[in-house]
Amino acid sequence: MMTQPIRTFKDLTSETAPAGGNANSKFGVTADRRLIELRARYARAEMLANGFGDAILWIGRQYDRLTAGIKADLKLRAAEAQLHRMTDRELSDLGLCRADINFAVREAAEGVTPAFDYVAGPVTLANQNLRRAA
């Protein structure tokens, strides 16, 4: 049994072009194809540039959030430390006991509660136990 030789794409003929292709196909690409490839390269470059720019902006926002969180935590710790340095008599004048300091500073103080973008109304505390020392 005799086998057929392997035919490559350039050896194939069509009804519109002679064997071996036309003059433009011998150079590999046509002008239209080069234009399409050039547009595709520009589109890929634009997509990568936009993605890279968005990534840099995202990293900047995350850095800002991190530094703002650290600053807020340091302020809260300073307020707690200041209250812990007070005597029991001074704390009772404020209506606090030592056990209430963390609660008073972190959750009950106005303006200290964390602000969430997706909360529409005022934030209500989960723990409404506002016991004051006598």
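Residues numbered from 1 in each chain as written. Predicted model: local features only at pLDDT ≥ 70, side-chain atom pairs only at ≥ 80, totals over all residues. Heavy atoms only, no water.

A few points about the overall build of the protein
- Check the secondary structure of the protein and you find three helices and zero strands.
- The order of helices and strands in the protein, counted from the N terminus, is α-α-α.
- Here the protein holds 134 residues, and 8% of them are scored as buried.
- Intrachain contacts of the protein at a sequence separation of at least 6 include 39% that bridge at least 24 residues. (Helix = DSSP H or I, 4+ residues; strand = E, 2+ residues; numbered from the N terminus. Buried < 20%, exposed > 50% of the residue type's maximum accessible area, 1.4 Å probe, protein only. Contact = heavy atoms within 4.5 Å.)

Let's talk about the confidence of the model for the protein
- Taken as a whole, the protein shows an average pLDDT of 76; of its residues, 58% reach a score of 70 or greater.
- Of all secondary-structure elements in the protein, the lowest mean pLDDT belongs to helix α3 (residues 101–108), at 78, while helix α1 (residues 31–85) reaches the highest, 92. (pLDDT = per-residue confidence, 0-100.)

Focus: the nonpolar core
- Counting seven residues, the largest nonpolar core consists of Leu-76, Leu-83, Leu-91, Leu-96, Ile-101, Ala-104 and Val-105.
- Here the element with the most residues in this core is α3; it accounts for three residues. (Core = buried A, V, L, I, M, F, W, Y, C linked by side-chain atoms within 4.5 Å.)

Focus on the pattern of salt bridges
- Going through the model one piece at a time under the given rule, you end up with three salt bridges.
- Of the charged contacts, one joins Glu-37 and Arg-33 as a salt bridge, the two residues approaching to 3.1 Å between their closest N and O atoms. Note that Glu-37 and Arg-33 are positioned in helix α1 at a spacing of four residues, about one turn of the helix.
- The partner of Asp-88 in a salt bridge is Arg-98, and the shortest N-O contact between them spans 3.0 Å. Here Asp-88, found in helix α2 (residues 88–94), pairs with Arg-98, found in the loop between α2 and α3; they are ten residues apart in sequence, far enough to count as distant.
- We classify Asp-88 as exposed; its relative accessible area is 52%. (Salt bridge = Lys/Arg side-chain N within 4 Å of Asp/Glu carboxyl O.)

What to know about the environment of Asn-102
- Relative to the helices and strands, Asn-102 resides in helix α3.
- Spatially, the C-alpha atom of Asn-102 lies 9.6 Å from that of His-84, the residues being 18 residues apart in sequence.
- If near-sequence neighbours (up to four positions away) are discounted, Asn-102 is found in contact with Glu-80, His-84 and Glu-107.

As for the environment of Leu-96
- Mapping Leu-96 onto the fold places it in the loop between α2 and α3.
- Sequence separation between Leu-96 and Leu-83 is 13 residues; the distance between their C-alpha atoms is 9.5 Å.

Remarks on a nonpolar patch on the surface
- Taken together, the side chains of Leu-35, Leu-38 and Tyr-42 define a hydrophobic patch exposed on the protein surface, amounting to about 300 Å² of accessible area.
- Among the secondary structure elements, Leu-35 is positioned in helix α1.
- Here Leu-35 falls in the partly exposed class, since its relative accessible area comes to 39%. (Patch = residues over 30% accessible without salt bridge, like charges linked within 9 Å, V, L, I, M, F, W, Y side chains within 5 Å. Areas by Shrake-Rupley, 256 points an atom, 1.4 Å probe, with all protein chains shown as cover.)

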